[in-house]
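# Structural features, examined
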Amino acid sequence: MLCATLLDTQKVWGLTNARIEPEWAIDELAHLLARKHYDPHWSRAQGRVLASEQISLFGLVLAPKRPVHYGSIAPLEARELMVRQGLVPGEVNGRLPFVERNLATLERAREEEAKLRRAGLVADEDWQAAWYLDRLPAEVNSAVGLEKWFKGLDAKTRQTLEWSLAELLPGEGSEAERFPKFMLLGEKRLRLHYRFEPGTPDDGVTLVVPLHLLNALDPARLSWLVPGLAQDKATALIRGLPKALRRNFVPAPDFARAFHEAWPTASADRFTGELARFLSRATGAALAASEFDETLLEPHLRMNLRVLDEQGRVLEESRDLDALRARLGGLAERAFAERAGRELASEGLTTFPDTPVPRTVPGAAGLEAYPALVDQGETVALQVFAEADKARQAHQRGVRRLMRIALADRAKQARKQLPVGPKIELMYASVQEFSIGGELGDGLGADLVDAALKAVLDGDLQDVRSREVFQARLQDAGRGLFREAMARLELAERILEVYAEVRTKLEPELMGFARANYDDLQQQLSGLVYPGFLRETPAERLAELPRYIRGIGLRAERIPRDPTRDQARMLEIQPFVDALARAQAQQEGDAEAWEHFRWQLEELRVSQFAQELGTREPVSVKRLTRALKALQR
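Residues numbered from 1 in each chain as written. Predicted model: local features only at pLDDT ≥ 70, side-chain atom pairs only at ≥ 80, totals over all residues. Heavy atoms only, no water.

### Focus on the sheet that holds strand E3 (residues 33-43)
Test applied: What makes two strands pair is DSSP finding at least two bridges between them. Helix and strand definitions here come from DSSP, where helices need a minimum of 4 consecutive H or I residues and strands a minimum of 2 consecutive E residues; each element is numbered from the N-terminal end. Simply put, an axis is a line fit to the C-alpha atoms, just over the touching stretch for a helix, and the angle between two N-to-C directions goes from 0 to 180 degrees. Throughout, a residue-residue contact means that at least one pair of heavy atoms, one from each residue, lies within 4.5 Å.
Strand order in this open sheet of 3 strands is E3-E4-E5, and the pairing throughout is antiparallel. Each having just a single partner strand, E3 and strand E5 (60-69) make up the two edges of the open sheet. Neighbour-to-neighbour, the strand axes of the sheet open up by a mean angle of 20°, direction not taken into account. In this sheet, E5 lies alongside strand E4 (residues 48-57) in antiparallel orientation, the contact comprising 7 bridges. By the bridge assignment for E5, leucine 57 is matched with leucine 60. Contacting E3 and E4, helix H2 (residues 75-87) runs over the sheet at an angle of about 30° to E3.

In C-alpha cells form, the structure reads like this:
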C-alpha cells in the first residue's frame, strides 16, 4: 500500500491510499530486488528441475515461493538432481529406452542378490548416479535436452548407456570381485577407476575421493590396493629386497601367491607389515617391514588418488596421500564442516529442537564441527561452524532468541500488569520530544519488560543444549521476569523525576549566553535519556543515571556564575567526546572496550563538574588519555 499523506496523532493515519500489486514492483524494480532460491527438486511432469524463488525488496517479501527453472540458475547442480531424482529412479517421461532397460537389469540384479542372501552386493544409487554423470554431457539438465541429445547418438553409442548385470552385481570369484567398482569408507562407497595404459598418470587403479573425506582416508587400507593387484605388489616388494634377504624368499611369485591366499582381504595393518610377518613365519628368516622399499614400485602398484570438489571437478590427483593432505587439508576441513552443516542444519525454528544440540559433530579422521543455534530475527536456525569461538557466540544469541519467543505471552501479560501511572507515562513520552535522535519504542511498559527480559536472559547459555535444560532455564527466567520489570519501574521513576527537573535548567536566561556550554549539556542528556534508553542501557549503568543527570543539573546551575571555567573543563573533555563519536560512527575497534570508555567519560564529567556526587571508579583526564591511546592502537 502507498500512502500519499501520513498523519501522526495518538495513532498514525494514512490518507489517500492506493494498493500496489507485488508484480508491479517485480516488473519495474528488477535492479533492486533480492532473489533467494531454495528447495530444488526434479519435476517429472515438467521434465526439469524446479526451485522455489523468494523475491524481496529491501527485506519486504514480494513473492514468497515462485517456481523457477533451476537449470538456468545452477546448471551443474540441476544436472545432478536430474540424474539422482529422475534417471536413477526412472522418473523421466520421454522416449528414452535405456532408462527402462536399466531398471529391468537392476531388478534382475536384486533378485540375484536375494538368492545369495547377501545384502549390499548391488551397486547403490550413488554408483548409479555417478555412472550416468560420467556419460551425460555437462549441459544436459532437463528431459527435453536429454531426449534431444539421445536422438543424435548412433546405435553403438546408445548401447553404452545400458547397464550390464556384471556391472551391477559382482559375482563370487569374478573379475568384478578382484577389481571392485568401489571401496568402502565407513558407510560411504568411493568409486574406483581402472586403466591399463603404462606411462599415463592414472595407470592402474584410481580412487575418487570427495574433498570433505580426504582427511578420513586410511593410509594402511590404501596400501592394499584391490585384491586383483595385491599379488603383483607382493611379488614386486619381495624382488626389491636386498639380495641377502631376497634369497630367503625365492621364487618370489610363489611366496606372493601364498601370501595372497592367506590374506585375500585387507587387514588393519599396512600391506608391508603384514607381508613381513607372513614371510618371517613361513621361512623363519627375520624380516622387518622397513626392509621393503616402496619407492621402487611401479606406479600402477600404488593407489592413485583423485580429489573432487562439490561440483565434481578434479582439484588434484596424486599417489602421495601426505602431499595431498599438505596442500588440500585445510580446504578438506572446511568442506567437512559445511557438509556436516547441511546434514544437521534446519531453518525456521521457533521452539528448541527435540534432538539435543551436540557441542561437536564427530567426523572421519578426527575432524570436528561445531553445531550452534543462530538468531535470525523472528526465527532461529541450527547451523554448523568450523570454528568453536564463532559457534559459542552464535549459540548464546540463538538460545536467547528462542527464550524470547517462548516468553512472548508472559512478557505481554507483564506489560498489562505493570502498574505504570499516567504521570510517569507522560514523562517518558516527553523524552521523544526533547531528545536528539533515537527510536521511539512501544511505550514505557514495553521498554521496561524488554529490559527485564534482557536481564533475566543474561548469563552463559552454552550449556543449554537439550530441551530439558532449556525448559529449566526458561522457567527460572519466567519466574523472575515480572519482579525484574517492577525493579526497573522503580528505577525509571527516579530517573524520569530527575530528568524532568534538570531539563528545565538547560536553557540560558539570556539568549546566546554560553551557547556551546548549554549545547554540550543537552547533547550529554540526550545521550543518557533517549527513546528506548530503558531497554538499551546496561542494567549496572542504568542505576547510575540519576547521579549522572544530577551532575548535569549542578553544572547547569554553575555555568552562569563562571562560564569561562566551565568552558575550560569542557575543552579538556572534548577530545574524548570526538574520539568516541568517530568510533561509534565508523563501528571500529573493540565494541565492548569502547562501551566501557563511554561510561568512563560520564564518570569524568561528574568528576569535573559535580565532584561532590562522587564517582563509581577512579577517573581522570590522564587515565582516559591512556585508555584512548590503547583503544586507538
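### Notes on a nonpolar patch on the surface
Applied cut-off: Patch members must show over 30% relative accessible area and no salt bridge, and they are joined within 9 Å when carrying like charges or within 5 Å when they are nonpolar side chains of Val, Leu, Ile, Met, Phe, Trp or Tyr. Accessibility throughout is a Shrake-Rupley quantity obtained with a 1.4 Å probe, and a residue counts as covered only by protein chains that appear here. Within this document, salt bridges are pairs made up of a side-chain nitrogen of Lys or Arg and a carboxyl oxygen of Asp or Glu, the two lying within 4 Å of each other. Each residue is placed in one exposure class: buried if its accessible area under a 1.4 Å probe, protein chains only, is under 20% of its type's maximum, exposed if it is over 50%, and partly exposed if it falls in between.
A cluster of nonpolar side chains, namely Leu2, Ile20 and Trp24, defines an oily patch on the protein surface of about 320 Å² accessible area. Taking the relative accessible area as the measure of exposure, isoleucine 20 reaches 39% and is therefore partly exposed.

### Some remarks on the confidence of the model for the chain
Selection rule: One confidence number per residue, pLDDT, is output by the predictor and ranges from 0 to 100.
Confidence in the prediction of the chain, expressed as mean pLDDT, is 86, and 93% of residues score 70 or more. Segment residues 363-367 is flagged for pLDDT under 50; beyond a separation of four residues in sequence, or across chains, it makes 10 contacts in the model. Ignoring residues within four places in sequence, the model shows residues 436-441, a span with pLDDT below 50, making 10 contacts including any to other chains.

### Side note on the pattern of salt bridges
All told, the structure shown has 43 salt bridges when counted by the stated rule. The partner of glutamate 91 in a salt bridge is arginine 44, with the nearest N and O atoms 3.0 Å apart. In this pair, glutamate 91 is assigned in the loop between H2 and helix H3 (97-116) and arginine 44 in the loop between E3 and E4, connecting sequence segments 47 residues apart. Relative accessible area serves as the criterion here: at 33%, glutamate 91 is assigned to the partly exposed category. Given the relative accessible area of 35%, arginine 44 is considered partly exposed.

### A closer look at the packing of aromatic side chains
Going by this rule: Think of it this way: a Phe, Tyr or Trp ring, Trp meaning its six-membered ring, pairs with another when their centres are within 6.5 Å, and the plane angle makes it stacked under 30 degrees, edge-to-face over 60, tilted otherwise. Two conditions define a charge located above a ring, namely a distance within 6 Å from the ring centre to NZ of Lys or CZ of Arg, and an angle within 35 degrees of the ring normal.
Across all of its chains, the model carries 17 aromatic pairs by this definition. Look at tyrosine 132 and tryptophan 163: their rings are 5.4 Å apart centre to centre, the planes differ by 45°, and that puts the pair in the tilted class. Linking tyrosine 132 in helix H4 (residues 125-135) with tryptophan 163 in the loop between helix H6 (155-159) and helix H7 (165-168), this pair joins segments that are 31 residues apart in sequence. Accessibility assignment for this pair places tyrosine 132 and tryptophan 163 in one class, buried. Lying over the aromatic face of tryptophan 131, arginine 135 brings its terminal NZ or CZ to 3.8 Å of the ring centre. Residue placement shows lysine 181 over the ring face of tryptophan 127; its charged tip is 5.7 Å from the ring centre.

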